[in-house]
Amino acid sequence: MIWRETANALKALPMQRLILMRHAEAEPAAGSGRDRDRVLSGRGRKDAAAMARALAGRGMRPDLALVSPAARTRQTWELLHDAFGDVQVREDEPLYNGGSETLRRYIEAVEDEAGCLMVVAHNPGIHLLAVDYLVEGAASPAVLDRMSGGFPPGAAAIFSVDVAGRCSFEGFIQPRDLGGQ
């Protein structure tokens, strides 16, 4: 009985880490003509797998992933998932090309459900939200300058989250930084 209470108490811990990731590189068009049906390119599949290894190698393992229902974000998640193991996943329609405020609302709605939350979504929303968190967390000008250069496909911004819910910048990983990892 004591173990069960401890396990339940741990489940109720607030979010301690947030990973914001843009889907990996996608094909320019889909056979259906619909943007949401665009799949990952060969490079995108390779980059997503490399990012999975890089994140897992740094001890990043989400408890919950919020994933856009677009084909390219679902494929990115499938390649990430192999490195993380069993992770609860939620696909919600508003995450498809959702703006930064939409993404923030979804994050805030689940912040007590996961110690480490990952969001796999799209630009410009994912980039703008990362910049918002950097500004709110008083990130250094060098970090803000690096993030102002954009949020390329497959990149991930990592934040630690304090007990008050404030995000502090931990790192930014791009596929091009991995050098064939």
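Check the entry above for the structure.
Computed from a predicted model, the values in this text were never measured in an experiment. (Residues numbered from 1 in each chain as written. Predicted model: local features only at pLDDT ≥ 70, side-chain atom pairs only at ≥ 80, totals over all residues. Heavy atoms only, no water.)

A few points about the pairing of strand β2 (residues 64-67)
Stage number 1. Neither face of β2 is open: one carries L64 and L66, the other A65 and V67, and all of them are buried.
Stage number 2. Bridge analysis of β2 against strand β3 (residues 88-91) gives 4 bridges, and the strand direction is parallel. Looking across to β3, one finds that L66 is bridged to R90.
Stage number 3. Assessed by its sense of winding, the connection that carries the chain from β2 through helix α3 (residues 71-84) to β3 is right-handed.
Stage number 4. Note that β2 and strand β4 (residues 116-121) share 4 bridges and pair parallel. Bridging across to β4, V67 finds its partner in V120. (Buried < 20%, exposed > 50% of the residue type's maximum accessible area, 1.4 Å probe, protein only. Helix = DSSP H or I, 4+ residues; strand = E, 2+ residues; numbered from the N terminus. Pairing = 2+ DSSP bridges. Right-handed = clockwise from strand over helix to strand, strands pointing away.)

Some points on the layout of surface pockets
Stage number 1. Taken as a whole, the largest pocket spans an internal volume of roughly 150 Å³.
Stage number 2. For the largest pocket, the full set of lining residues is M15, R104, I107, E108, E111, Y133, E136, G137, V161, G165, R166 and C167.
Stage number 3. Elements with a contribution of two residues or more to the lining of the largest pocket: α4 (100-110) and α5 (125-136).
Stage number 4. When its residues are assigned to classes, the lining of the largest pocket shows 5 nonpolar, 2 polar and 5 charged. (1 Å grid on protein atoms, 1.4 Å probe; cavity = no way out; pocket = protein on both sides within 12 Å on 5 of 7 lines; lining within 4 Å. Points joined across faces, edges and corners; volume = space filled by probe spheres on them. Nonpolar A, V, L, I, M, F, W, Y, C, P; charged D, E, K, R; others polar.)

Examining the sheet that holds strand β1 (residues 17-22)
Stage number 1. Taken in spatial order, the 6 strands make up an open sheet running β3-β2-β4-β1-β5-β6, and their pairing is mixed. At either end of the open sheet lies a strand with only one pairing partner, and these are β3 and β6 (167-173). Ignoring strand direction, the axes of neighbouring strands in this sheet form an average angle of 20°.
Stage number 2. Together, β1, β2, β3 and β4 form the strand contacts of α3, whose direction differs from that of β4 by roughly 150°.
Stage number 3. Contacting β1, β4, β5 (156-161) and β6, α5 runs over the sheet at an angle of about 145° to β1. (Axes fitted to C-alpha atoms, helices over the stretch in contact; angles between N-to-C directions. Contact = heavy atoms within 4.5 Å.)

Looking at the side chain of Q174
Stage number 1. By secondary structure assignment, the location of Q174 is in the segment after β6.
Stage number 2. Apart from residues lying up to four places away in sequence, Q174 is in contact with M51, R146, P152 and A155.

Let's talk about α3
Stage number 1. Look at α3: 20 Å from first C-alpha to last across 14 residues, which is about the 20 Å you get at 1.5 Å a residue.
Stage number 2. When we look at burial in α3, the residues that qualify are A71, R72, T73, T76, W77, L80 and F84.
Stage number 3. Those residues of α3 that are buried are in contact with β1, α2 (42-57), β2, β3 and β4.
Stage number 4. Directly beyond the C-terminal end of α3, a positive phi value near 85° is found at G85. (Expected span 1.5 Å × (residues − 1).)

Description of the pairing of β1
Stage number 1. Most of β1 is tucked away: 5 of the 6 residues are buried.
Stage number 2. Strand direction decides the pairing type here: β1 and β4, joined by 6 bridges, are parallel. Within β4, the residue paired with R22 across the bridge is A121.
Stage number 3. Pairing of β1 with β5, which is carried by 5 bridges, proceeds in the antiparallel orientation. Its bridge partner being in β5, L18 is matched across the sheet by F159.

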